[in-house]
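# Structure at a glance
In case you want the letters, here they are:
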Amino acid sequence: MPTAASVAPVAPQTQAPPSGQASAEVTVVDPALVKRAVKAAALGNAMEWFDFGVYSYIAVTLGKVFFPSGNPTAQLLSTFGAFAAAFLIRPLGGMVFGPLGDRIGRQKILALTMIMMAAGTFAIGLIPSYGAIGVGAPILLLIARLVQGFSTGGEYAGASTFIAEYAPDKKRGFLGSWLEFGTLAGYIGGAGLVTLMTALLSSDDLLSWGWRIPFLIAGPMGLIGLYLRMKLEETPAFAAELAKAHKDEQSRPKVRLRDMVTGQWKALLLCMGLVLVFNVTDYMLLSYMPSYLTSELKYDETHGLLVVLAVMALMMCVQPFAGALTDRVGRRPVIAAGCVGFLLLSVPALLLIRQGSLWAIGLGMAALGLLLVCFTASMPSTLPALFPTKVRYGSLSIGFNISVSIFGGTTPLVVTALIGATGNMMMPAYYMMAAAVVGGVAVWFMSESAGRPLPGSPPAVEASSISSPSGA
């Protein structure tokens, strides 16, 4: 009677099959190790969006601290200009960190991006004001933002790749969904902290020293995240690639930028289409809508921000269940449902929001938020499955960051410009509908990946699911 292979935490193993069946290589992973990998990856994403929430909510104060006084509008535009610079450099970071992650390992690069993100955010809290050092203040702010943006270029693709390569095939959607859970938690934490400080501190205290506190918190957070990531072992998929390179008498897997682009152009186009609908709707709801409520609908600013935070809390509650759903019914149906939902419900939801009452705004925002969960719960497991192991980190970094920089990060600016040019207050709905069409086309051409091994990897199962076969 054949026996099951012994269980190792991360290394790929060949499991003896029952009589009469062909042998197959199976990657066996330790559930405890998988949980640690998910926590470490999600914490980095949470820190990125903690900074995003802090920077967005305290932008007016930062404008007064880092830029010449006199014109509040110019101060705010300058602050958001430094914010936008981080988006522009993200593709460059992806082109550097992605190929490195495919060559020297996912774990090492994720530790490096964590250090850089924490250092960039922490440094902002230490920069002297414009009144103290003059033009040096905005220059140092810009440098810190560029460091953050450069490191972020390798963060999301690396974190989603890390979780996907650790996760068992049947739980990849559920485990991947915790990455975006970290995103929502980080944003709520950052925005909530700024809101609390604004309520507790006087305007003078917030301007003189209070604004530094949220940025300085990034230091301890980064050290915790770095500790968790340094304690992890390399993913089974990359370990197998490294073993293959050693067998071929190479010190490292051979990875060329050309292979990541020209050799994966179909997958890159699908990736960019999926990221487009994901990020346009994400930035529309979480970044642009507070400004839309305030500037276009003349809604009270505090109430508008609280509505967005409440919607994000609702999304957090639903996120893991939606991730598990993608494991049962597939990624394509869930993403398709989100695209169809945005195509059909964007206009009714925005009409509800424009109605102006608290319940109508809450209902319209909640509808958009629940549709967005179709993407936040699916993408961390869908996108890595588009690419083979050898180029997964690099190709995903390039496709993801180019699409985010061109389409996601520009969403608030483009929609504001469209409203200004046309006078049509329904432009946010039309823009989301256009993104949904692009996403629908990408879903049509993508292959289902739920419950299946990642390209270039053997089937992955949990150690607890391995048992000795019984019978003769």
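About the criteria used
- Residues numbered from 1 in each chain as written.
- Predicted model: local features only at pLDDT ≥ 70, side-chain atom pairs only at ≥ 80, totals over all residues.
- Heavy atoms only, no water.
- UniProt positions renumbered as here; feature names shortened; annotations may be inferred.
- Helix = DSSP H or I, 4+ residues; strand = E, 2+ residues; numbered from the N terminus.
- Buried < 20%, exposed > 50% of the residue type's maximum accessible area, 1.4 Å probe, protein only.
- Contact = heavy atoms within 4.5 Å.
- Areas by Shrake-Rupley, 256 points an atom, 1.4 Å probe, with all protein chains shown as cover.
- Patch = residues over 30% accessible without salt bridge, like charges linked within 9 Å, V, L, I, M, F, W, Y side chains within 5 Å.
- Salt bridge = Lys/Arg side-chain N within 4 Å of Asp/Glu carboxyl O.
- Axes fitted to C-alpha atoms, helices over the stretch in contact; angles between N-to-C directions.
- Parallel < 35°, antiparallel > 145°, perpendicular 65-115°, else oblique.
- Left-handed = near helix turned anticlockwise from the far one by under 90°.
- Nonpolar A, V, L, I, M, F, W, Y, C, P; charged D, E, K, R; others polar.

By the naming in an unreviewed UniProt entry, the protein chain goes by Glycine betaine/L-proline transporter ProP and is assigned to Streptomyces rectiviolaceus. What the UniProt record of the protein chain gives under Sequence similarities (unreviewed entry) is the line "Belongs to the major facilitator superfamily. Metabolite:H+ Symporter (MHS) family (TC 2.A.1.6) family." What UniProt records for the protein chain under Subcellular location (unreviewed entry) is the sentence "Cell membrane".

What follows covers the overall build of the protein chain. Across its full length, the protein chain holds 21 helices and three strands. Counting every position in the protein chain, which comprises 472 residues, the buried fraction comes to 54%. Taking as baseline every contact in the protein chain between residues at least 6 positions apart, the subset at least 24 positions apart corresponds to 83%. For the protein chain, the accessible surface area stands at approximately 19,300 Å², while carbon and sulfur atoms represent 68% of it.

Together, V340, L343, L344, L345, V437, V441, W444 and F445 line one region of the surface with nonpolar side chains, adding up to about 840 Å² of accessible area. Listing elements by their share of the nonpolar patch, those giving two or more residues are α16 (331–355) and α21 (427–445). The residue F445 is located in helix α21 in this model. Judged by relative accessible area, F445 falls into the exposed class, the value being 60%.

Right, let's talk about the packing of α16 against helix α17 (residues 358–376) for a bit. Direction vectors running N to C along α16 and α17 enclose 165°, while the axes themselves pass 8 Å from each other. Between α16 and α17, the crossing angle belongs to the class labelled roughly antiparallel. α17 is crossed by α16, and the crossing has left-handed handedness. Along the lines of polarity and charge, the residues of the contact of α16 with α17 split into 19 nonpolar, five polar and no charged.

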